[in-house]
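Examining the three-dimensional arrangement
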Amino acid sequence: IFLFTIAAPIITYFVGKRWYCSWICGCGGLAETAGDDFRQLSSKKLSTWKLERWMIHGVLASITIVTAIVLYGYFSNSDTFLGLSIYEYFRKPYGFLIGSIFSGVIGVGFYPLLGNRIWCRMGCPLAAYLGIIQRFKSRFRITTNGGQCISCGNCSTYCEQGIDVRAYAQKGQNIVRASCVGCGICA
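Below is a summary of the structure that appears in this document. Given the structure is predicted, the values throughout are model-derived calculations rather than measurements. (Residues numbered from 1 in each chain as written. Predicted model: local features only at pLDDT ≥ 70, side-chain atom pairs only at ≥ 80, totals over all residues. Heavy atoms only, no water.)

Before going further, it helps to examine the side chain of Q161. You can see Q161 is positioned in the loop between α9 (154–157) and α10 (165–171). In contact with Q161, other than residues within four places in its own chain, are S42, E52, R117, C120, R121, S179, C180 and V181. (Helix = DSSP H or I, 4+ residues; strand = E, 2+ residues; numbered from the N terminus. Contact = heavy atoms within 4.5 Å.)

So, in structure tokens, the structure goes:
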């Protein structure tokens, strides 16, 4: 709880969410090695970005609820919540659907179709949490300089998170999207 509520926000404030997403997380490391050949396949469409926001924050909300229910069971020494088995109705389905199917099969197996970091973009609850912190309370930003942009599109092509960096650069806006891991490829 200390790491989640205090240490993670402090580290994210100073170095952005890359400290976790690329240096600690196994999924991020796998995406940067095995998925590197597929990074340009990440969709840059506005509809994908809207789906990304709904999905990643939906997963964050669901894991928050499941965690609260599991902690309730632990501290109350109960195996049930509202008459339902905590293991059968909360932990087991979440572990199978999110932990196995989404992060395992879709998150890694679909690199050739959806680009790398599909799990990071669409489903990782910690990426959503750190992204919110990075967006509002971080000194770390990928900055743009519209005067130097020649609109070649390389920054957007190679963004592993599917961010249309060129559009931000042409507007002279910094990248403040919660999904940005700060890899620096765009720079």
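One way to put it is that helix α4 (residues 46–76) packs onto helix α5 (residues 86–109) with a least axis distance of 10 Å and a crossing angle of 145°. Along this stretch, α4 crosses α5, giving a crossing that reads as left-handed. Together, M55, V59, S62, I63, V66, I69, V70 and G73 of α4 and I86, F90, R91, Y94, I98 and F102 of α5 make up the contact between the two elements. Residue composition of the contact of α4 with α5, grouped by class: eleven nonpolar, two polar and one charged. (Axes fitted to C-alpha atoms, helices over the stretch in contact; angles between N-to-C directions. Left-handed = near helix turned anticlockwise from the far one by under 90°. Nonpolar A, V, L, I, M, F, W, Y, C, P; charged D, E, K, R; others polar.)

We note that N77 has phi near 55°; this positive angle belongs to a residue other than glycine. For N77, the location among the structural elements is in the loop between α4 and β1 (80–81). In this model, L82 sits at a positive phi of 55°, which is unusual for a non-glycine residue. Structurally, L82 is set in the loop between β1 and β2 (84–85).

Read these as spatial facts, not as claims about activity.
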